[in-house]
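# Commentary on secondary and tertiary structure
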Amino acid sequence: MTQKNDQTYMKAALNEALQAYMIGEVPIGAVVVKDGQIIGRGHNLREHLNDGVAHAEIMAIEEACRTLRSWRLIDCELYVTIEPCLMCAGAIINSRIKRVIFGARDQKAGAVASLYEVMADARLNHQVTVTEGVLQTACSQIMKTFFRATRKRKKQK
């Protein structure tokens, strides 16, 4: 049952990524789930907000905290299309999220499995269970399409 649920919630994260894509943001999307309900959604808004921390994961975590009226996201899961960066990994740990599920690795900035394995670091006071590769092809394809189009636009200028 978990695999089916993982795909369902990753599709919701992909929908968030598509919203970012449509407004010219790097297409990464995230949702926070508790007890089978999405309690936080987010997509990248760095360009629109001129805010370096407006990553999809941060936006989803902030909404989930408002929903629960707590900074502790105990028993929550975060679904994100691309492996979280170091900043987002720290926010996930500090929010006490139980599990992170991501679609595709980020070889340049990933802090969960690619460059670092922060969430498994036993020196920290909270560790996070990680599942990777859920809808990996779709999650990586939207990024490839976005950056291909971005390079094409820059070349035409």
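- The name given to the protein in an unreviewed UniProt entry is tRNA-specific adenosine deaminase, with the source organism recorded as Lentilactobacillus parafarraginis F0439.
- The heading Sequence similarities (unreviewed entry) in the UniProt record of the protein holds the text "Belongs to the cytidine and deoxycytidylate deaminase family. ADAT2 subfamily."
- For the protein, the Subunit (unreviewed entry) comment in UniProt is given as "Homodimer."

### A short note on the pairing of strand E1 (residues 29–34)
- Burial within E1 is extensive, with five of its six residues counted as buried.
- Note that E1 and strand E2 (residues 37–43) share six bridges and pair antiparallel. Paired with Gly-29 across the bridge in E2 is His-43.
- In sequence, E1 turns back onto E2 through a hairpin of two residues, with Asp-35 there showing a positive phi of about 50°.
- When E1 meets strand E3 (residues 76–82), the two strands line up antiparallel, connected through five bridges. The residue of E3 that forms the bridge with Val-32 is Leu-78.

### Concerning the sheet that holds strand E4 (residues 99–104)
- Judged by pairing direction, the sheet is mixed, and its five strands sit side by side in the order E2-E1-E3-E4-E5 without closing on themselves. Two strands close off the open sheet at either side, each with one partner strand: E2 and strand E5 (129–132). Across the sheet, the axes of successive neighbouring strands diverge by a mean angle of 15°, strand direction being ignored.
- As defined by bridge partners, E3 adjoins E4 across five bridges and the pair is classed as parallel. What sits directly across from Ile-82, in E4, is Ala-104.
- The sheet contacts of helix H3 (residues 56–68) involve E1, E2 and E3, and relative to E2 the element is tilted by about 145°.
- Here helix H5 (residues 136–156) sits on the sheet in contact with E3 and E4, set at roughly 60° to E4.

Thresholds applied
Residues numbered from 1 in each chain as written. Predicted model: local features only at pLDDT ≥ 70, side-chain atom pairs only at ≥ 80, totals over all residues. Heavy atoms only, no water. UniProt positions renumbered as here; feature names shortened; annotations may be inferred. Buried < 20%, exposed > 50% of the residue type's maximum accessible area, 1.4 Å probe, protein only. Helix = DSSP H or I, 4+ residues; strand = E, 2+ residues; numbered from the N terminus. Pairing = 2+ DSSP bridges. Axes fitted to C-alpha atoms, helices over the stretch in contact; angles between N-to-C directions. Contact = heavy atoms within 4.5 Å.

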